[in-house]
Amino acid sequence: MTTLRPFTCDDMNLDPLTETYGLSFYMRYLAHWPEYFQVAESPSGEIMGYIMGKAEGIGENWHGHVTALTVSPDFRRLGLAATLMNFLEDVSEKKRAYFVDLFVRVSNKVAINMYTNLGYIVYRTVLEYYSGDPDEDAYDMRKACSRDVKQKSVIPLTHPVRPEDVD
């Protein structure tokens, strides 16, 4: 049986495809939004995956945000990512968020398909969001929470935006 437990900084490096940040970044998030961090651990104590996020925005833009989701290659295709996403969505519901959002590389078709199957839509394209050679666009994907009765938060934008225009 998989158990969920609070996240610690020792849990960060499971997958080379997951964006990673400096220790101070993780510590700041963990200090401000500990309720949004969760680790999935196998019965033998092996880290299977984790999710980290935050709550941000004002008014109808108040939302939960998925900062990182990763599942170790040894534990993929077991529904663990969906379990972790459900956890973050539940926290966002309790915080009375209007929606949950995340950013994903446009080239990451596997992740985009998974998020789509979980009910997320491509809300907008963010041009050159990811640094690299060359820089890569991101999809801002969203899923409405129950507070957004009219589903206004998931009406897709018809034009791309720049990273500095993301609120």
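Residues numbered from 1 in each chain as written. Predicted model: local features only at pLDDT ≥ 70, side-chain atom pairs only at ≥ 80, totals over all residues. Heavy atoms only, no water.

Participant: Is there a simple way to explain the pairing of strand E6 (residues 121–130) in this structure?
Facilitator: Regular strands show a simple pattern: their side chains alternate between the two faces of the sheet. Inspection of the sheet shows E6 paired to strand E7 (residues 136–144) by six bridges, in the antiparallel sense. Residue pairing across strands places Val126 opposite Ala138, the latter belonging to E7. (Pairing = 2+ DSSP bridges. Helix = DSSP H or I, 4+ residues; strand = E, 2+ residues; numbered from the N terminus.)

Participant: Please clarify how the nonpolar core should be interpreted in this entry.
Facilitator: Counting residues in hydrophobic clusters, the biggest one holds 37 residues, and the most contacted among them are Met85 and Tyr115. Per-element tally for this core: the top contributor is helix H2 (residues 80–94), with seven residues. Those residues in contact with Met85 that sit more than four places away from it in its chain are Ile51, Val66, Leu69, Leu102, Tyr115, Leu118 and Tyr120. In this structure, Phe103, Val126, Tyr130 and Val161 belong to the second largest nonpolar core, which totals five residues. (Core = buried A, V, L, I, M, F, W, Y, C linked by side-chain atoms within 4.5 Å. Buried < 20%, exposed > 50% of the residue type's maximum accessible area, 1.4 Å probe, protein only. Contact = heavy atoms within 4.5 Å.)

Participant: I would appreciate a short explanation of unusual backbone geometry in the present structure.
Facilitator: Trans is the prevailing form of peptide bonds, just as negative phi is the prevailing case for residues other than glycine. In the segment running from Asp133 into Pro134, the intervening peptide bond is cis, with an omega of 5°. Structurally, Pro134 is set in the loop between E6 and E7. Positive phi outside glycine occurs at Gln151, with the angle close to 60°.

Nothing here speaks to function; it is geometry throughout.
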